[in-house]
Amino acid sequence: MNSRLKILNKTKWAGSFTLMMGMMIFLYGFLSDSSPVIGIGIGTIVGAVLFFLMGVFFITTEEMVENTSKGIEIPPMKSRNGLYLVKK
């Protein structure tokens, strides 16, 4: 749990730093009326949001895999032509 909290905090700080940089780039481009800089700012903002969401997704996935029971394993049935079939 402690390692996941460290990863979440680092993801939060990196995402917020990137978001602030993207907002500053966007505002600079908006105030100086430069469309390529506005596009770079918007891309940086979107990248920061995706960075944070991916970090949260990986932590959530790791938590779910660790805490779920694995269930009963069902061995596949082999058919006559060599292909594997799964019981339904």
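Bear in mind that the values here come from a model prediction, so they are computed numbers and not experimental data.

For the protein, the count of helices and strands is two helices and two strands. In the protein, which comprises 88 residues, the proportion classed as buried is 12%. Contacts in the protein between residues at least 24 apart in sequence constitute 43% of all its contacts with a sequence separation of at least 6. Carbon and sulfur atoms make up 72% of the accessible area of the protein, which amounts to about 7500 Å² in all.

Here a ring pair, both rings aromatic, is described through the centre-centre distance and the interplanar angle of the planes. The full count for this structure, using the stated rule, is two aromatic pairs. Geometrically, the ring pair formed by Phe-26 and Phe-30 is stacked, given 6.1 Å between the ring centres and 20 degrees between the ring planes. Of this pair, Phe-26 and Phe-30 are both found in helix 1 (residues 2–31), four residues apart, which corresponds to roughly one turn of the helix. Ring geometry for Phe-57 against Phe-58: centres 5.9 Å apart, planes inclined by 55 degrees, an arrangement best described as tilted. On the basis of relative accessibility, which here comes to 49%, the residue Phe-57 falls in the partly exposed class.

At their nearest, the axes of helix 1 and helix 2 (residues 35–67) sit 6 Å apart, and the two run at 165 degrees to each other. Classified by the angle their axes make, helix 1 and helix 2 are roughly antiparallel. Regarding helix 1 and helix 2, the two cross each other, and that crossing is left-handed. Residue composition of the contact of helix 1 with helix 2, grouped by class: 19 nonpolar, eight polar and five charged.

Locating Leu-53 in the fold gives a position in helix 2. In this structure, the C-alpha to C-alpha distance between Leu-53 and Gly-15, residues 38 residues apart in sequence, is 9.1 Å.

This brings us to the pattern of salt bridges. Per the counting criterion, the structure on display carries two salt bridges. Glu-62 is paired through a salt bridge with Arg-4; the nearest N and O atoms lie 3.9 Å apart. Linking Glu-62 in helix 2 with Arg-4 in helix 1, this pair joins segments that are 58 residues apart in sequence. With relative accessibility at 39%, the residue Glu-62 sits in the partly exposed group. A relative accessible area of 8% places Arg-4 in the buried class. Several salt bridges share partner residues, and in doing so they unite Arg-4, Glu-62 and Glu-63 into one network.

Rules of the game
Residues numbered from 1 in each chain as written. Predicted model: local features only at pLDDT ≥ 70, side-chain atom pairs only at ≥ 80, totals over all residues. Heavy atoms only, no water. Helix = DSSP H or I, 4+ residues; strand = E, 2+ residues; numbered from the N terminus. Buried < 20%, exposed > 50% of the residue type's maximum accessible area, 1.4 Å probe, protein only. Contact = heavy atoms within 4.5 Å. Areas by Shrake-Rupley, 256 points an atom, 1.4 Å probe, with all protein chains shown as cover. Phe/Tyr/Trp six-rings, centres within 6.5 Å; stacked < 30°, edge-to-face > 60°. Axes fitted to C-alpha atoms, helices over the stretch in contact; angles between N-to-C directions. Parallel < 35°, antiparallel > 145°, perpendicular 65-115°, else oblique. Left-handed = near helix turned anticlockwise from the far one by under 90°. Nonpolar A, V, L, I, M, F, W, Y, C, P; charged D, E, K, R; others polar. Salt bridge = Lys/Arg side-chain N within 4 Å of Asp/Glu carboxyl O.

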